[in-house]
Structure formats: C-alpha cells, structure tokens
Amino acid sequence: DQQVKQNSPSLSVQEGRISILNCDYTNSMFDYFLWYKKYPAEGPTFLISISSIKDKNEDGRFTVFLNKSAKHLSLHIVPSQPGDSAVYFCAAMGGGADGLTFGKGTHLIIQP
Amino acid sequence: NAGVMQNPRHLVRRRGQEARLRCSPMKGHSHVYWYRQLPEEGLKFMVYLQKENIIDESGMPKERFSAEFPKEGPSILRIQQVVRGDSAAYFCASSLRLGEQYFGPGTRLTVT
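Residues numbered from 1 in each chain as written. Chains lettered and ligands numbered in written order. Predicted model: local features only at pLDDT ≥ 70, side-chain atom pairs only at ≥ 80, totals over all residues. Heavy atoms only, no water.

Points about the overall build of chain A
Alright, step 1. On a plain count of helices and strands, chain A comes out with zero helices and eleven strands.
Alright, step 2. Its helices and strands in sequence order give chain A the pattern β-β-β-β-β-β-β-β-β-β-β, from N to C terminus.
Alright, step 3. Its C-alpha radius of gyration of 13 Å places chain A within 12% of the 13 Å reference for a compact globule of 112 residues.
Alright, step 4. Judged by the C-alpha coordinates and their principal axes, chain A covers about 40 × 30 × 20 Å.
Alright, step 5. Here chain A holds 112 residues, and 45% of them are scored as buried.
Alright, step 6. In chain A, the proportion of contacts linking residues at least 24 apart, taken out of those at least 6 apart, comes to 54%.
Alright, step 7. One finds the centroid of the 10 positive side-chain charges in chain A at a distance of 4 Å from the centroid of its 10 negative side-chain charges. (Helix = DSSP H or I, 4+ residues; strand = E, 2+ residues; numbered from the N terminus. Rg over C-alpha atoms; globule rule 2.2 N^0.38 Å. Buried < 20%, exposed > 50% of the residue type's maximum accessible area, 1.4 Å probe, protein only. Contact = heavy atoms within 4.5 Å. Lys, Arg positive; Asp, Glu negative; His and termini not counted. Charge placed at Lys NZ, Arg CZ, Asp CG, Glu CD.)

Overview of the overall build of chain B
Alright, step 1. Scanning chain B for helices and strands turns up zero helices and eleven strands.
Alright, step 2. Starting at the N terminus and walking to the C terminus, you meet the elements of chain B as β-β-β-β-β-β-β-β-β-β-β.
Alright, step 3. At 13 Å, chain B has a C-alpha radius of gyration in line with the 13 Å of a compact globule built from 112 residues.
Alright, step 4. Each of the 112 residues in chain B was classed as buried or not, and the buried ones make up 45%.
Alright, step 5. Accessible area for chain B stands at about 5,900 Å²; split by element, carbon and sulfur atoms hold 47% of it.
Alright, step 6. The average position of the 17 basic charges and that of the 11 acidic charges among the side chains of chain B differ by 6 Å. (Areas by Shrake-Rupley, 256 points an atom, 1.4 Å probe, with all protein chains shown as cover.)

Overview of the nonpolar core
Alright, step 1. One finds Phe33(A), Trp35(A), Leu73(A), Leu75(A) and Tyr88(A) to be the most contacted residues of the largest nonpolar core, which totals 23 residues.
Alright, step 2. Put simply, the parts of the chain that give this core at least two residues each are strand 3 (19–25), strand 4 (30–38), strand 5 (45–51), strand 7 (62–67), strand 8 (72–77), strand 9 (86–94) and strand 11 (106–111) of chain A.
Alright, step 3. Broken down by element, the residue count for this core peaks at four residues, all from strand 9 of chain A.
Alright, step 4. In contact with Phe33(A), not counting residues within four places along its chain, are Tyr25(A), Ile48(A), Ser49(A), Ile50(A), Ser52(A), Leu66(A), Leu73(A), Ala91(A) and Ala92(A).
Alright, step 5. Counting residues in each nonpolar core, the second largest holds 22 residues, with Val4(B), Leu11(B), Leu49(B) and Leu77(B) among its members. (Core = buried A, V, L, I, M, F, W, Y, C linked by side-chain atoms within 4.5 Å.)

Regarding the sheet that holds strand 7 of chain A
Residues and elements named next belong to chain A.
Alright, step 1. Spatially, 1-3-8-7-6 is the arrangement adopted by the five strands of the open sheet, whose pairing is antiparallel. The two strands at the open ends of the sheet, each matched to only one other strand, are strand 1 (4–5) and strand 6 (56–59).
Alright, step 2. Two elements, strand 7 and strand 8, share six bridges in a ladder whose sense is antiparallel. Looking at the pairing, asparagine 67 lines up with histidine 72 of strand 8. (Pairing = 2+ DSSP bridges.)

So this is what it looks like as structure tokens:
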C-alpha cells in the first residue's frame, strides 16, 4: 500500500536542460510535501517544500508544482548541472502520521 | 554549524546481539524522528520523539525495537536480538517544529 509513488526509478537528462521529477500520492489528508536529494552513503538533504494551500514554490533552480485535484507534484530543476546527479525522494506529511511518508526515489543522471 | 549527528556510521552485529544507534539532533531542535531504509526502498518512518516523550511510534515493529530521547544526551534506537532482516540504513532526522526535517548521515547496520 504505497501512498507516495515515484514511478520513474531513473531519469537521464542532458546538462543545461530541464529535469522534471514526478510524484503521485493517494492520501488526500497529506497537507505538506517535500523533496529531498540523496547521495550514496549520505543522509537525505532537504531541497524544497510546498504546502497544500499553494500550487507552486520556487527556490533558485528548483521549482515544485502541486496539482491537488490530480494528487500529483513535480520538481523542476533548471538548468540541470552535473552535481544534481543523485536520488531524489518525494515525501509527504499529514494523513494521520507524524513522520514523513516517502516515495521509493528517482535516480537522476545528468549527462555532460 | 553542526547538523544532525549519528553514530556509529557502520555497525556489525551477530544474530541475537543488541544494536544501539545514537542520534544528536541539530542545536535547538526538540523533535527527533527515526527512519529505516531497506535496499532499493524509500525511507520508512519508525518513531517520533520529543524530549522524554514518545509521540508517535506507529512505524515501529512491536517487538525488539525501542527508542528514547532522554532529557540529557542523544536519542537512542535500540534493537534487541537482531536478525538478518534488521540489516538496513537507519536515519535520524530532527526539526524545530513540524515541517522540514533535517537528516543525519545514517547508521548502516549489518547483521551477520
């Protein structure tokens, strides 16, 4: 019973282009969403978040879009840089639990 | 600017032994969370604590696992009588309030 789904295990993007990572959720009680970036053998690093009362949040090269009716969010990275190569996790908060509910992650590979 | 500290980074235990994982939250953070990541999986919430209180342990296995966050000192995740299936990366996160959580580097537990 996966409440947060990242359906693309991996994504390859050319350096300088836009990377779009997608995330779907099933629990309509989720009210806060976060994206984390993770390098091997390190802990997840917080990137950007969005409240369910908003549909867009931007921070530098990172923008998160939320479509509540579709229960879908996406992370846009533009322009993509080699250091962006990592695993990206979508996470949600709310829905009756105090912890974050994570997707399985998408491995982003930035090609030079 | 110390972040979340976890130790040890790597821990090897034989089946039946006890494992103790420690987490020191970021300065000023009073909320601590523990997560477990199995290979090829996302992080799974285990327990949420504040000083001297377990707030939500809905993700914690009912047996052999316990957690504490004493008034003084780090938070401890304790696994008694470890089994091979306990082998995983265990991450601790802290937050100032409900919202963005900041993760430590993790403890990789290997049960032989």
